[in-house]
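Coordinates in review
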Amino acid sequence: MGRRLVITGRVQGVCYRAWSASEARGLGLNGWVRNRRNGKVEMLIDGEAEAMDRMIALCRQGPPEARVEQIEVEETEEHAPSGFEKRPTL
């Protein structure tokens, strides 16, 4: 079972997607990340529970220019693609 994250704050225009994709790959997670038109970042992660927990903790900090205000996390049955990709804005 994967987890869907919605990250709020100063998370667009600060390389959040590239940073999070790199971190997720390093943790061996599958999934994707994309900007939302409402200024938030959405992410789907799937993998070992400890790796997902670590990714969520990392996302609370984000890259140096980011200012994360809130992360909503929900469990999901959505299938994550193999590997980790940056997706276009939705």
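Residues numbered from 1 in each chain as written. Predicted model: local features only at pLDDT ≥ 70, side-chain atom pairs only at ≥ 80, totals over all residues. Heavy atoms only, no water.

**Some details on the overall build of the protein**
Here is the rule we go by: A run of H or I in DSSP counts as a helix once it spans at least four residues, and a run of E counts as a strand once it spans at least two, with each numbered from the N terminus. We take the radius of gyration over the C-alpha atoms and set the globule estimate at 2.2 Å times the residue count to the 0.38 power. A 1.4 Å probe rolled over the protein chains alone gives each residue an accessible area, and that area as a share of the maximum for its type sets the label: buried under 20%, exposed over 50%, partly exposed in between. Should any heavy atoms of two residues lie within 4.5 Å, those residues are counted as being in contact. Values of accessible area rely on a 1.4 Å probe in the Shrake-Rupley scheme; residue burial ignores everything except the protein chains shown. We score Asp and Glu as negative and Lys and Arg as positive, and we do not count His or the chain ends. Working definition for charges: the position is that of NZ of Lys, CZ of Arg, CG of Asp or CD of Glu.
A count of helical and extended segments in the protein gives two helices and five strands. Its helices and strands taken in sequence order, the protein reads β-α-β-β-α-β-β from the N to the C terminus. Here the C-alpha atoms of the protein give a radius of gyration of 12 Å, agreeing with the 12 Å that 2.2 N^0.38 yields for 90 residues. By its C-alpha atoms, the protein is 30 × 25 × 20 Å across when sized along the principal axes. For the protein, the residues scored as buried account for 42% of the 90 residues in total. Long-range pairs, those at least 24 residues apart, make up 77% of the contacts in the protein between residues at least 6 apart in sequence. Carbon and sulfur atoms form 42% of the exposed surface of the protein, whose accessible area is close to 5000 Å². Taken together, the 14 basic and 14 acidic charged side chains of the protein have centroids lying 8 Å from each other.

**Quick look at the side chain of Arg34**
Mapped onto the elements, Arg34 comes out in strand S2 (residues 30-35). Residue Arg34 is classed as buried on the basis of its relative accessible area of 14%. Aside from chain neighbours lying at most four places away, what touches Arg34 is Arg17, Lys40, Val41, Glu42, Arg87, Pro88 and Leu90.

**Notes on the pattern of salt bridges**
The line we're drawing: Whenever Lys or Arg places a side-chain nitrogen within 4 Å of a carboxyl oxygen from Asp or Glu, that contact is recorded as a salt bridge.
Tallied over the entire structure, the rule returns seven salt bridges. With its nearest N and O atoms 3.0 Å apart, the salt bridge here joins Glu42 to Arg34. In terms of burial, Glu42 and Arg34 fall into one category: buried. Arg36 is the salt-bridge partner of Glu42, the closest N and O atoms lying 2.8 Å from each other. One network of salt bridges, in which partners are shared, links Arg4, Arg34, Arg36, Glu42 and Glu78.

**Digging into the pairing of strand S3 (residues 41-46)**
Condition: When DSSP finds at least two bridges between two strands, those strands are taken to pair.
Burial runs high along S3: five of the six residues are buried. Here strand S1 (residues 2-10) pairs with S3 via five bridges, running antiparallel. Counterpart to Arg3 in the pairing with S3 is Ile45. The loop that links S2 with its antiparallel partner S3 comprises five residues; one of these, Gly39, has a positive phi angle of about 95°.

**Let's talk about unusual backbone geometry**
A positive phi angle, near 65°, is found at Cys15, a position not held by glycine. Counting through the fold element by element, Cys15 comes out in the loop between S1 and helix H1 (16-26).

**Side note on the packing of H1 against helix H2 (residues 49-61)**
Put simply, the rule is: All axes are obtained by fitting lines to C-alpha atoms, using only the stretch in contact for helices, and the reported angles, taken between N-to-C directions, cover 0 to 180 degrees. Should an angle fall under 35 degrees it is taken as roughly parallel, and over 145 as roughly antiparallel, whereas 65 to 115 is taken as roughly perpendicular and any remaining angle as oblique. Should the near helix be turned counterclockwise from the far one by less than a right angle, the crossing is left-handed, whereas a clockwise turn marks it as right-handed. Residue polarity follows a fixed list, in which Ala, Val, Leu, Ile, Met, Phe, Trp, Tyr, Cys and Pro are nonpolar, Asp, Glu, Lys and Arg are charged, and the others, Gly among them, are polar.
At a closest axis distance of 11 Å, the pairing of H1 and H2 adopts a crossing angle of 155°. The angle between H1 and H2 falls in the class roughly antiparallel. Note on packing geometry: the crossing formed by H1 with H2 is right-handed. Contacts between H1 and H2 involve Tyr16, Trp19, Ser20, Glu23 and Ala24 on the former and, on the latter, Met55, Leu58 and Cys59. Here the contact of H1 with H2 is composed, by residue class, of six nonpolar, one polar and one charged.

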